[in-house]
Amino acid sequence: MTKSNVMEVPPKGGFTFDLCRRNTMLQQQGAKLPKFRKTGTTIVGLIFKDGVILGADTRATEGEIVCDKNCEKIHYLAPNISCCGAGTAADTENVTDMVSSQLVLHRYATGRESRVVTALTMLKSHLFRYQGQVSAALVLGGVDVTGPHLHAVYPHGSTDTLPFATMGSGSLAAMSVFESRYKENLTKEEGMEIVSAAICAGIFNDLGSGSNVDLCIITKEGKEYLRNYQQPNPRSYSRSKGYDFKIGHTAVLSTKITQLRQHVQVLEGDAMEEE
Amino acid sequence: MDFSNFQAPGMYPYHASSSSKQAEKSYVDHPIMGPHNSSFTLMPEAPSKHTKYPYVTGTSVLGVKYKDGVLLASDTAASYGSTVRYKSVQRLKAVGKTTALGASGEISDFQAINELLDQLITNDYMWDDGNNLGPVEIHNYLNRLMYGRRNKFDPLWNSLVLGGVKNGQQYLGVVTMIGVHYVDDHVATGFGNHLARPIFRDEWRADMTHEEAVALLEKCMLVLFYRDRSAINKFQIANVTEAGVHISEPYALQTNWSYKAFENPTAGAVGSW
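Residues numbered from 1 in each chain as written. Chains lettered and ligands numbered in written order. Predicted model: local features only at pLDDT ≥ 70, side-chain atom pairs only at ≥ 80, totals over all residues. Heavy atoms only, no water.

- By the naming in an unreviewed UniProt entry, chain B is Proteasome subunit beta, taken from Physcomitrium patens.
- The Function (unreviewed entry) field of the UniProt record for chain B holds the comment "Non-catalytic component of the proteasome." (UniProt positions renumbered as here; feature names shortened; annotations may be inferred.)

- As recorded in an unreviewed UniProt entry, chain A goes by Proteasome subunit beta and comes from Physcomitrium patens.

What to know about the overall build of chain A
- From N to C terminus, chain A includes five helices and 13 strands.
- Taking the principal axes of the C-alpha coordinates as reference, chain A spans close to 80 × 75 × 50 Å.
- A total of 275 residues make up chain A; the buried ones form 42% of that total.
- Counted over contacts in chain A with a minimum sequence separation of 6, partners at least 24 positions apart contribute 63%.
- Per element, the accessible surface of chain A, about 17,500 Å² overall, is 53% carbon and sulfur. (Helix = DSSP H or I, 4+ residues; strand = E, 2+ residues; numbered from the N terminus. Buried < 20%, exposed > 50% of the residue type's maximum accessible area, 1.4 Å probe, protein only. Contact = heavy atoms within 4.5 Å. Areas by Shrake-Rupley, 256 points an atom, 1.4 Å probe, with all protein chains shown as cover.)

A closer look at the overall build of chain B
- When its secondary structure is counted, chain B shows six helices and 13 strands.
- Across the 273 residues of chain B, 41% fall into the buried class.
- If you take every contact in chain B between residues at least 6 apart in sequence, the share linking residues at least 24 apart comes to 61%.
- Put simply, chain B shows about 15,600 Å² of open surface, and 55% of that area lies on carbon and sulfur atoms.

Notes on the UniProt feature "active site" (unreviewed entry) in chain A
Residue and element names in this part refer to chain A.
- UniProt tags T41 as "active site" (unreviewed entry).
- Tracing the chain through its elements places T41 in the loop between β1 (37-38) and β2 (43-47).
- Among residues more than four places away in sequence, those in contact with T41 are D57, K73, G85, A86, M167, G168, S169, G170, D206, G208 and S209.

Let's talk about the interface of chain B and chain A
- Chain B puts 23 residues into the contact, and the matching count from chain A is 23 residues.
- Together chain B and chain A conceal approximately 1,900 Å² of surface at their shared face, both sides included; 60% is due to carbon and sulfur atoms.
- Taken together, the connections running from chain B to chain A amount to two salt bridges.
- With a closest N to O distance of 3.5 Å, D202 of chain B and R181 of chain A form a salt bridge. (Buried area = accessible area lost by both parts, 1.4 Å probe. Salt bridge = Lys/Arg side-chain N within 4 Å of Asp/Glu carboxyl O.)

Quick word on empty space enclosed by the protein
- Going through the model one piece at a time under the given rule, you end up with two cavities of 30 Å³ or more.
- One number sums up the size of the largest cavity: a volume of about 40 Å³.
- Lining the largest cavity are T59, S60, D75, M221, L224, F225, D228, A231 and F235 of chain B.
- Per-element accounting of the lining of the largest cavity gives the leading share, three residues, to helix α6 (residues 210-227) of chain B.
- Looking at the lining of the largest cavity residue by residue, the classes come out as five nonpolar, two polar and two charged.
- By volume, the second largest cavity is sized at about 30 Å³.
- Taken together, V177, S180 and R181 of chain A together with I199, D202 and E203 of chain B make up the full set of residues lining the second largest cavity.
- If you list the elements that add at least two residues to the lining of the second largest cavity, you get α4 (171-181) of chain A together with α5 (197-203) of chain B. (1 Å grid on protein atoms, 1.4 Å probe; cavity = no way out; pocket = protein on both sides within 12 Å on 5 of 7 lines; lining within 4 Å. Points joined across faces, edges and corners; volume = space filled by probe spheres on them. Nonpolar A, V, L, I, M, F, W, Y, C, P; charged D, E, K, R; others polar.)

Structural notes on the environment of G63 of chain B
Residue and element names in this part refer to chain B.
- Note on placement: G63 falls in strand β2 (residues 61-65).
- Using a relative accessible area of 0% as the deciding quantity, one classes G63 as buried.
- With 99 residues separating them along the chain, G63 and L162 place their C-alpha atoms 8.2 Å apart.
- In this structure, G63 is in contact with L71, L72, L172, D185, H186, V187 and F200, ignoring residues within four places of it in sequence.

So this is what it looks like as structure tokens:
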């Protein structure tokens, strides 16, 4: 009997939580959940006279350890749209990659430059479908035909449309700088000054943020990505002679040499040709 | 002396004789008082006399040193959970002639601390020996007070900021409800730590004049008013100099809610907010 008359139901989206009970039971018995890589983070966005400036720090943490001292938190979405991400690094990375691909297809379908609200709607519908389980807090900014836009996107799928926004663990430190210094119609230089001051406030006052300042300035002319615009945490000492370990400085206890390429003897048939 | 069988009196249910098994139990098992004794369902629980949570609370207090003395600032609100219940509460107080005390947290505990400090200052005055308790001594007294209560699991639920000037030396310190204490050039409690300290660290200088220090405090109080839900736009500043303590009348700051971007922000993104 064929079931060709039955309409195919598309698979339901979202996560399955079947293993949760078993996981809690295992945890109670002493098994440890792996720590996931978060971006700690201070991310900010600001609208100035001609466009949007996005800023981010560059520290990624795994629990209490800094696992990446210089990661990139400003993600590409479209030639005229960028997105800073805070929260679980895998979630921010993958959700922005996914929306970036969707935007390319959308540009082919419409034949037009992408709009910021398109990216916003795609992000918020995805995050809402996953009910906050996708832990991505984003500052989305860009310039399209309707002008400059800046949005804050929260993990559960709500959004704010703001002239200045901060997210992440360093958001209070950065917001204190914005609230005391923001004015309307800032020039590009003033905007960059305020954004980097806000990120530095996060870097120096929040333990989850650190290392360098990344900036991204988007205007209708184009996008300027300033990776490591400021590096206020340089390595303070480096040996001028360099590090040189001559043979003979360390005692060799044993030596074992392993061939990297195995020599294979062909007994029957033809040997493969070396490429 | 062998203390392995020692049991603190009055904390245990009566055991006719301590068997060797009982002797191994530490005295922290099975106290009479407390909500955790599931094995003593027949005994009525004594009412808890420990502070478990605060009820009427004040929000941040800020403090900075400047050229001629010390400034403390706080708003005049006391919240009851999420309601701003009292709007004219003075959370700054003069202690003697040399010190000002600001408190955040439970207001009733602050009032109790004020009573104790009044008695302390009066006793000191009665010695009539030409000495008076300065900020260092008051800070130490408050630290021992808070830490002692913490050790009894019955804290005074406050974070205190203490600023004073004695013999030309400025002093600014903090004591928290668990007895953490420290001194610094600029301090804050509660939300002020997250919103005001970054600004202090960037803009505070040792040789600020009174006007500059007040401007710095007002800048931070404004950010706190914008971003702390328990804060109101009614502040007091306490100025401590060699001449004494002066607490200002409450006043309000100019706020700006009229950014053009806040008017119809979702014109380009219909459906969001």
